[in-house]
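The primary structure of each chain is shown beneath.
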Amino acid sequence: GDSVTQTEGLVTLTKGLPVMLNCTYQTTYSPFLFWYVQHLNEAPKLLLKSSTDNKRTEHQGFYATLHKSSSSFHLQKSSVQLSDSALYFCALSRTGGYKVVFGSGTRLLVSP
Amino acid sequence: GPKVLQIPSHQIIDMGQMVTLNCDPVSNHLYFYWYKQILGQQMEFLVNFYNGKVMEKSKLFKDQFSVERPDGSYFTLKIQPTALEDSAVYFCASSSTGGALSYEQYFGPGTRLTVL
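As the structure is a prediction and not an experimental result, all values here were calculated from the model.

A. Local environment of the overall build of chain B. For chain B, the helix and strand inventory stands at zero helices and eleven strands. Along its sequence from the N terminus, chain B presents helices and strands in the succession β-β-β-β-β-β-β-β-β-β-β. Computed over its C-alpha atoms, the radius of gyration of chain B comes to 13 Å, within 12% of the 13 Å expected for a compact globule of 116 residues. Seen through its principal axes, chain B has C-alpha atoms that stretch 45 × 25 × 25 Å. Expressed as a percentage of its 116 residues, the buried residues of chain B come to 45%. Sequence-distant contacts, at least 24 apart, represent 55% of the contacts inside chain B between residues at least 6 apart. For chain B, the exposed area adds up to about 5,800 Å²; of that, 52% sits on carbon and sulfur atoms. The distance from the centre of the 9 positive side-chain charges to the centre of the 10 negative ones in chain B is 2 Å.

B. Region of the structure containing the environment of Phe49 of chain B. Residues and elements named next belong to chain B. Here Phe49 is to be found in strand β5 (residues 43–50). Assessed through its relative accessible area of 6%, Phe49 is described here as buried. Taking the C-alpha atoms as reference, Phe49 lies 24 Å from Gln17; in sequence the two are 32 residues apart. Apart from residues no more than four positions distant in its own chain, Phe49 is found in contact with Leu30, Tyr31, Phe32, Val54, Met55, Val67, Glu68, Arg69 and Phe75.

C. Structural detail: the interface of chain B and chain A. Each partner contributes to the interface: chain B provides 22 residues, whereas chain A provides 23 residues. Note on chain B versus chain A: buried area summed over both sides is about 1,800 Å², and carbon and sulfur give 55% of it. When residues of chain B are sorted by the area they lose upon contact with chain A, Gln42, Tyr103 and Phe107 of chain B head the list and together hold 33% of the total. Joining chain B to chain A, the criterion identifies two salt bridges.

D. Broad picture of the environment of Gln64 of chain B. Residues and elements named next belong to chain B. By the secondary structure assignment, Gln64 is in the loop between β6 (53–57) and β7 (65–68). For Gln64, a relative accessible area of 31% gives the class partly exposed. In sequence terms Gln64 and His29 are 35 residues apart; their C-alpha atoms lie 26 Å from each other. Each residue touching Gln64, except ones within four places of it in the same chain, is listed here: Lys78, Ile79, Gln80 and Pro81.

E. Just the sheet that holds strand β8 (residues 62–65) of chain A, in detail. Residues and elements named next belong to chain A. Within the open sheet, the four strands sit side by side as β3-β9-β8-β7. Their pairing is antiparallel. Looking at strand neighbours, the two that pair on one side only are β3 (19–21) and β7 (56–59), the edges of this open sheet. Looking at each pair of strands side by side, their axes are set apart by 20° on average, direction ignored. As paired strands, β3 and strand β9 (residues 75–77) are joined by three bridges and run antiparallel to one another. Considered in β9, the bridge of Met20 is made with Gln76.

Cut-offs applied
- Residues numbered from 1 in each chain as written.
- Chains lettered and ligands numbered in written order.
- Predicted model: local features only at pLDDT ≥ 70, side-chain atom pairs only at ≥ 80, totals over all residues.
- Heavy atoms only, no water.
- Helix = DSSP H or I, 4+ residues; strand = E, 2+ residues; numbered from the N terminus.
- Rg over C-alpha atoms; globule rule 2.2 N^0.38 Å.
- Buried < 20%, exposed > 50% of the residue type's maximum accessible area, 1.4 Å probe, protein only.
- Contact = heavy atoms within 4.5 Å.
- Areas by Shrake-Rupley, 256 points an atom, 1.4 Å probe, with all protein chains shown as cover.
- Lys, Arg positive; Asp, Glu negative; His and termini not counted.
- Charge placed at Lys NZ, Arg CZ, Asp CG, Glu CD.
- Buried area = accessible area lost by both parts, 1.4 Å probe.
- Salt bridge = Lys/Arg side-chain N within 4 Å of Asp/Glu carboxyl O.
- Pairing = 2+ DSSP bridges.
- Axes fitted to C-alpha atoms, helices over the stretch in contact; angles between N-to-C directions.

Here you go:
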């Protein structure tokens, strides 16, 4: 079945440093990839999405590029802020109306 | 932006009782979903629903679980009877139909269910 792997459970950084959260996936279909951000006791919110190979997508300073050759969709930001502290989920969906398959999540903690 | 509402935000019940979780999806959405999350861990798919029918359900969607959306009102998740392992936060989501918009699911704020 479809699966998403996030290798880091916890990433701790000082404000202003760059960050990359890893995401790889497995599917036999042509997927939509997503990054969701979840702050404490809140709903997951869509941060980025892509289905286009080798095209960078950006939102709120975060960016990611879907690479189908390596089945990856890593999330990056050039300078993290305190407000970026949250749980980040990489996820994929196969087609419209289909379930979203989530990775295990990476908790990002940004310190002053 | 579009919002999904969930009622109640918290529910505490005794094991063996029945509970109904309510979801008010985005008004023009036709695909509905339930996910389960334990203690800020991985979000896990339970079930999706379209045109009055369950499209797919996971192994977590036990026989004690049921979903419905009577007369276009709330999309509900009913658990009867509840078990201790049902304690979790349940998120409802909805998505549109047609093209790329149907991939984007909007999540509600969740209902925290505690089974004692």
